[in-house]
Structures are given as C-alpha cells and as structure tokens.
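# Coordinates in review
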Amino acid sequence: MTRKRVAILISGRGSNMAALIEAASARNYPAEIALVVSNRAAAKGLELANSRSIATATIDHVAYKSREQFEAELTKQLSAAKIEIICLAGFMRILTASFVKQWEGRLLNIHPSLLPAFKGIDTHVRALDAGVKVHGCSVHFVVPELDSGPIVMQAAVPVLEGDDEEELAMRVLAAEHRIYSEALRLLAEGKLTIEGERVVVAGANGDPDRALVSPRI
Ligand code: GAR
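Residues numbered from 1 in each chain as written. Predicted model: local features only at pLDDT ≥ 70, side-chain atom pairs only at ≥ 80, totals over all residues. Heavy atoms only, no water.

### Description of the site of the ligand
- All residues adjacent to the ligand are R13, G14, S15, N16, G90, M92, I110, H111, P112, L173 and E176.
- A distance of 2.6 Å is found between an oxygen atom of the ligand and a side-chain nitrogen or oxygen belonging to R13.
- One nitrogen or oxygen atom from the main chain of N16 is found 2.9 Å from an oxygen atom belonging to the ligand.
- Coverage of the ligand by the protein chains reaches 87% of its 450 Å² of free accessible surface.
- Placement of the ligand is best described as lying within the largest pocket.
- Breaking the shell around the ligand down by element, the ones donating at least two residues are α1 (15–24), β5 (107–111) and α6 (165–188). (Near = heavy atom within 4 Å. Polar contact = N/O pair within 3.5 Å; in protein donor to acceptor, adjacent residues only side chain to side chain. Areas by Shrake-Rupley, 256 points an atom, 1.4 Å probe, with all protein chains shown as cover. 1 Å grid on protein atoms, 1.4 Å probe; cavity = no way out; pocket = protein on both sides within 12 Å on 5 of 7 lines; lining within 4 Å. Sits in = over half its atoms within 2 Å of the grid points. Helix = DSSP H or I, 4+ residues; strand = E, 2+ residues; numbered from the N terminus.)

### Digging into the environment of L184
- Counting through the fold element by element, L184 comes out in helix α6.
- Residues L184 and R93 lie 91 residues apart in sequence; the distance between their C-alpha atoms is 21 Å.

### A few points about the packing of α1 against α6
- Two numbers describe how α1 lies on α6: the axes approach to 9 Å, and their chain directions differ by 45°. Judged on the interaxial angle alone, α6 and α1 are oblique. Taken as a pair, α1 and α6 cross one another with a handedness that is right-handed. Here S15, N16, A19, L20 and A23 of α1 come into contact with α6, specifically with L173, E176, H177, Y180, S181 and L184.
- Each residue belonging to the contact of α1 with α6 can be placed in one class, and the counts come to six nonpolar, four polar and one charged. (Axes fitted to C-alpha atoms, helices over the stretch in contact; angles between N-to-C directions. Parallel < 35°, antiparallel > 145°, perpendicular 65-115°, else oblique. Left-handed = near helix turned anticlockwise from the far one by under 90°. Contact = heavy atoms within 4.5 Å. Nonpolar A, V, L, I, M, F, W, Y, C, P; charged D, E, K, R; others polar.)

### Some thoughts on the nonpolar core
- In this structure, I8, I33, V36, C87, L108 and L184 are the most contacted members of the largest nonpolar core, which totals 42 residues.
- Every residue in contact with L108, bar those within four places of it in the chain, is listed here: I86, C87, L88, V139, H140, F141, V142, V152, Y180, A183, L184 and L187.
- Of all hydrophobic cores here, the second largest spans 21 residues; its members include A34, F70, L78 and V100. (Core = buried A, V, L, I, M, F, W, Y, C linked by side-chain atoms within 4.5 Å. Buried < 20%, exposed > 50% of the residue type's maximum accessible area, 1.4 Å probe, protein only.)

### Some remarks on a negative patch on the surface
- There is a patch of like negative charges on the surface, built from D122, D164, E165, E166 and E167.
- Take D164: it is sitting in the loop between β7 (151–158) and α6.
- Classification of D164 by relative accessible area gives partly exposed; the value is 38%. (Patch = residues over 30% accessible without salt bridge, like charges linked within 9 Å, V, L, I, M, F, W, Y side chains within 5 Å. Salt bridge = Lys/Arg side-chain N within 4 Å of Asp/Glu carboxyl O. Lys, Arg positive; Asp, Glu negative; His and termini not counted. Charge placed at Lys NZ, Arg CZ, Asp CG, Glu CD.)

Have a look at this one:
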C-alpha cells in the first residue's frame, strides 16, 4: 500500500491535527502525515507535531505582502514534501481561489457546524442563540467560497439544556476528531467522487432507521 502524503495546515491548538496524526499512526491507514504547516509560530499544534517527529514549517503570513506571496511559499514547501492531499485543521487564513483550484478535490476542511448552517466563526454561540437542538461538524472539500464545497462527512451532536459555548464546543470537537480521520481515509483510498455539489462515497451505508433525537425526555 502506498500511503498518500498529507500536509495539515493549522493556526492554533491542533487537536484535529493530533487526531489525524493518531489515526495515521496505524499501519493500515492509507495516508501519512508528511508535513504540518502553521501560519503562526506560536501555534500549540507545532509542539505536538514536533514531539511526534513530523516535519513542521511556520509560514508567518504577517511576513508576506500578499496572499499570493504567502501561498507561493506554501506551495514551495508542499512541493518539496511531495504533498498529495491537504487537510485544513483550524487554519484561520483564507486561501485564494487560484490556490484552491490548484488543489481541487485534494483539499479538505473541517468546520464546526452542520453545513450549510452556521458558516463563518463563532458557530457554537450562534447555534445556541438560534436554539437548535442538534448541532455538529462537517468535513468538506474546499472551494473558493468560504465554508462551502461538497460535504464528505458530518456528525451530529445534541445541544443539551444548560449548555454553554465551551461545553457544546467540546462535544462537537470530540465528533470532529472522529470524522476527520474517517473522511481522510476515504479520500486517500480513492472512494470519493465529486458530482457537482455532492460527494458520492463508494461503499457507504448508514442506518436509515437511526435518528439522533434531541432533546430526549
Ligand atoms: C476546530 O473546531 C475546527 O473545526 C475549527 O477550529 C477548531 C480548531 O481546533 N475550524 C474552523 O472554525 C474553520 N472555519 P483545533 O486546532 O484543536 O483542531
């Protein structure tokens, strides 16, 4: 099995990155984490990646005059590491349409909401304010429009009475850690086909009778 070479782009804590690294440490996982790139030198995730002996690079966006120049350096690092797939994991920079097009079908993101609901930031507060009873996370292919793009996998979690932002965020985060490595596995195994707005997942099935009901009384 030749494992796909993956770069993870982070800006902060890196818990999704850690979950991907953990998954990829299994011998039969079809991808290896070959590079972690952060746009912030202080990103906590860098320490963790270093401690797992994964190559890291910091490309501080502040040092570049334009997004294009930042991305030129990024592209250089990705090519040098022979990267085939990129996973954005809490990477808080907008990528240009040209960069995104170049990586079409090979660039994943995880977003902390059930897209297309709650695009953008502060998703958990907005979900609480909206009074939704079910919230969650989505792994999707990146397209130039922010937090859009064909959805690969989603996980739903209940919003519980009395939840605050942090409690809800932690519940969603645990679900993120579960689905990101699954989605990357499917991509690396070549099981995903993009048909317009939709991702067709080869061999996928679910339980049609199982609904997540929230609240439960
Ligand atoms: C995660 O919740 C991720 O879904 C979110 O940032 C967090 C990063 O945490 N991403 C976005 O909001 C992207 N729009 P992590 O650094 O611990 O993985």
